[in-house]
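Coordinate analysis (summary)
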Amino acid sequence: MSVFLTPLAVIHTLESLRARFFWGAELDEKRMHWVNWNKILTSKEVGGLKVGSIFAFNRALMFRWHWRFFHYPNVLWVRVVKAIYGQDGGLSSLPSSGYPPGPWNNLIRMISNLRNKGIDLLSLFLIRVRDGASMSFWHDKWLDDLPLAVIFHRIYALDIHKVASDRPDRLSWLSDVTEVFYVSSDRAIIESSTLAITGSESRWNNWFPIKVNILIWRIGNGSIPTRERLAYRGLELQSILCPVFLCDMETIDHIFEGCGELINICSRIAIW
């Protein structure tokens, strides 16, 4: 997952297995899926369950190698990559072309494909210029569309020491001053664009069991298999009335709010 780019066909198969497991289906069994799987994968802030996308997780793990490439310039694998792809690792010539196949070429291709989908991960890095070994404080365009030597040419002429610092340049992820790369934040950025789910925040209480939280979430999303919902999906039923007292149509509101007899029974069970 962290070295090789997982093919989309493999990801689709894995997500299908996860969905079957979530809805309690066996491998050779078909069950009704009550909520869009992308919504289940997405974060709780937009109404999901934060199960997480395998596609986004694989791409985020792959992108971490770019962080390591910049922060560990003297290790053997970085020197090999620079010898083949250039000092910038081929990232300045996206998409990749003319490079030999391999994990690093897949990384370049992945960054290019995500950029075509509107997810420019490289733009989320902020280079903190210090010694200017990888980025010149004055001559490279790292702060604006023009080099600082052009924008502030008078100050540049007065500067005696063109080197910003004796410490190496560093990358900052999402302007984080700690200069730490988080796979989880990268994954969340990719998911927000690829899953494209919007909604209100999911209600979640860590004091409740997970099953209770998921039940509340399903109630809020109207995904309880009541007779009314089954009939709406085309299943032939003898009746859509509440099977307990035959007093009203069996809906989510009826089960959890409207049927006084059911609420009374649940209260007695809770006391017992």
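Refer to the preceding data block for the structure.
Now for a description of the structure that goes with this document. (Residues numbered from 1 in each chain as written. Predicted model: local features only at pLDDT ≥ 70, side-chain atom pairs only at ≥ 80, totals over all residues. Heavy atoms only, no water.)

As enumerated under the stated definition, the model contains 3 salt bridges in all. R115 is paired through a salt bridge with D120; the nearest N and O atoms lie 3.4 Å apart. Under the relative-accessibility criterion, R115 is labelled partly exposed at 35%. Among the ionic pairs, R187 bridges to E191, the shortest N-O distance being 3.4 Å. One end of the pair, R187, and the other, E191, are both in helix α8 (residues 183-194), 4 residues apart, so they sit about a helical turn from each other. (Salt bridge = Lys/Arg side-chain N within 4 Å of Asp/Glu carboxyl O. Buried < 20%, exposed > 50% of the residue type's maximum accessible area, 1.4 Å probe, protein only. Helix = DSSP H or I, 4+ residues; strand = E, 2+ residues; numbered from the N terminus.)

Attention now goes to helix α12 (residues 260-271). For α12, with 12 residues, the first-to-last C-alpha span of 16 Å sits near the 16 Å given by 1.5 Å per residue. Of all 12 residues making up α12, only 1 are buried, and the element is barely covered by its neighbours. (Expected span 1.5 Å × (residues − 1).)

So, on to a nonpolar patch on the surface. Among the surface-exposed residues, L235, L237, I240, L241, L246 and M249 lie close enough to one another that they form a single nonpolar patch of about 470 Å² accessible area. Along the chain, the position of L235 falls in the loop between α10 (227-232) and α11 (252-258). With a relative accessible area of 38%, L235 lands in the partly exposed category. (Patch = residues over 30% accessible without salt bridge, like charges linked within 9 Å, V, L, I, M, F, W, Y side chains within 5 Å. Areas by Shrake-Rupley, 256 points an atom, 1.4 Å probe, with all protein chains shown as cover.)

Along the chain, R218 turns up in helix α9 (residues 210-220). Although R218 is buried, it makes no salt bridge; E250 carries the closest opposite charge, 12 Å away. Within the structure, the side chain of R218 is placed 2.7 Å from the backbone oxygen of S223, a separation counted as a polar contact. Each residue touching R218, except ones within four places of it in the same chain, is listed here: W23, W34, S223, I224 and P225. (Lys, Arg positive; Asp, Glu negative; His and termini not counted. Polar contact = N/O pair within 3.5 Å; in protein donor to acceptor, adjacent residues only side chain to side chain. Contact = heavy atoms within 4.5 Å.)

The next point concerns unusual backbone geometry. Phi is positive for K50, which is not a glycine, with a value near 60°. Relative to the assigned elements, K50 resides in the loop between α2 (37-41) and α3 (54-71). Classification of K50 by relative accessible area gives exposed; the value is 57%.

Before going further, it helps to spend a moment on α3. Over its 18 residues, α3 extends 26 Å from the first C-alpha to the last, a length consistent with the 26 Å expected when each residue adds 1.5 Å. Of all 18 residues in α3, 14 are buried; the element is thus mostly enclosed.

The next point concerns the layout of surface pockets. Where empty space is left can be seen by rolling a probe of water-molecule size over the atoms. Here the second largest pocket defines a volume of roughly 220 Å³. Lining the second largest pocket are 13 residues, and of these E201, S202, W217, G220 and N221 sit closest to its centre. In terms of residue count, α9 provides more of the lining of the second largest pocket than any other element does, 3 residues in total. Along the lines of polarity and charge, the residues of the lining of the second largest pocket split into 3 nonpolar, 7 polar and 3 charged. (1 Å grid on protein atoms, 1.4 Å probe; cavity = no way out; pocket = protein on both sides within 12 Å on 5 of 7 lines; lining within 4 Å. Points joined across faces, edges and corners; volume = space filled by probe spheres on them. Nonpolar A, V, L, I, M, F, W, Y, C, P; charged D, E, K, R; others polar.)

A few words on the packing of α3 against helix α5 (residues 103-116). Where α3 meets α5, the closest approach of the two axes is 10 Å, and the angle between their N-to-C directions is 115°. The handedness of the crossing between α3 and α5 comes out as left-handed. Residues F55, R59, M62, F63, W65, H66 and F69 of α3 form the contact with α5, whose own contacting residues are P103, W104, N106, L107, M110, I111 and L114. Across the contact of α3 with α5, the residue classes break down as 11 nonpolar, 2 polar and 1 charged. (Axes fitted to C-alpha atoms, helices over the stretch in contact; angles between N-to-C directions. Left-handed = near helix turned anticlockwise from the far one by under 90°.)

In this section: the environment of V78. Turning to its location among the elements, V78 is positioned in helix α4 (residues 76-85). Measuring from C-alpha to C-alpha, the distance between V78 and R68 comes to 8.6 Å, with 10 residues separating the pair along the chain. Each residue touching V78, except ones within four places of it in the same chain, is listed here: R68, F69, Y72 and P73.

Here the focus is the packing of aromatic side chains. Evaluation of the coordinates by the stated rule reveals 5 aromatic pairs. Ring centres 5.9 Å apart and planes at 65° place the aromatic pair F22 and W37 in the edge-to-face group. Here W37 lies in helix α2 and F22 lies in helix α1 (residues 8-22), a separation of 15 residues in the sequence. A relative accessible area of 26% means that F22 is categorised as partly exposed. (Phe/Tyr/Trp six-rings, centres within 6.5 Å; stacked < 30°, edge-to-face > 60°.)

In this section: the nonpolar core. Of all hydrophobic cores here, the largest spans 28 residues; its most connected members are F63, W104, M110, I111, L114 and I190. Listing elements by their share of this core, those giving two or more residues are α3, α4, α5 and α8. Take this core: its biggest share by element is 9 residues, from α3. When sequence neighbours within four positions are dropped, the list of residues in contact with M110 reads L5, R59, M62 and F63. (Core = buried A, V, L, I, M, F, W, Y, C linked by side-chain atoms within 4.5 Å.)

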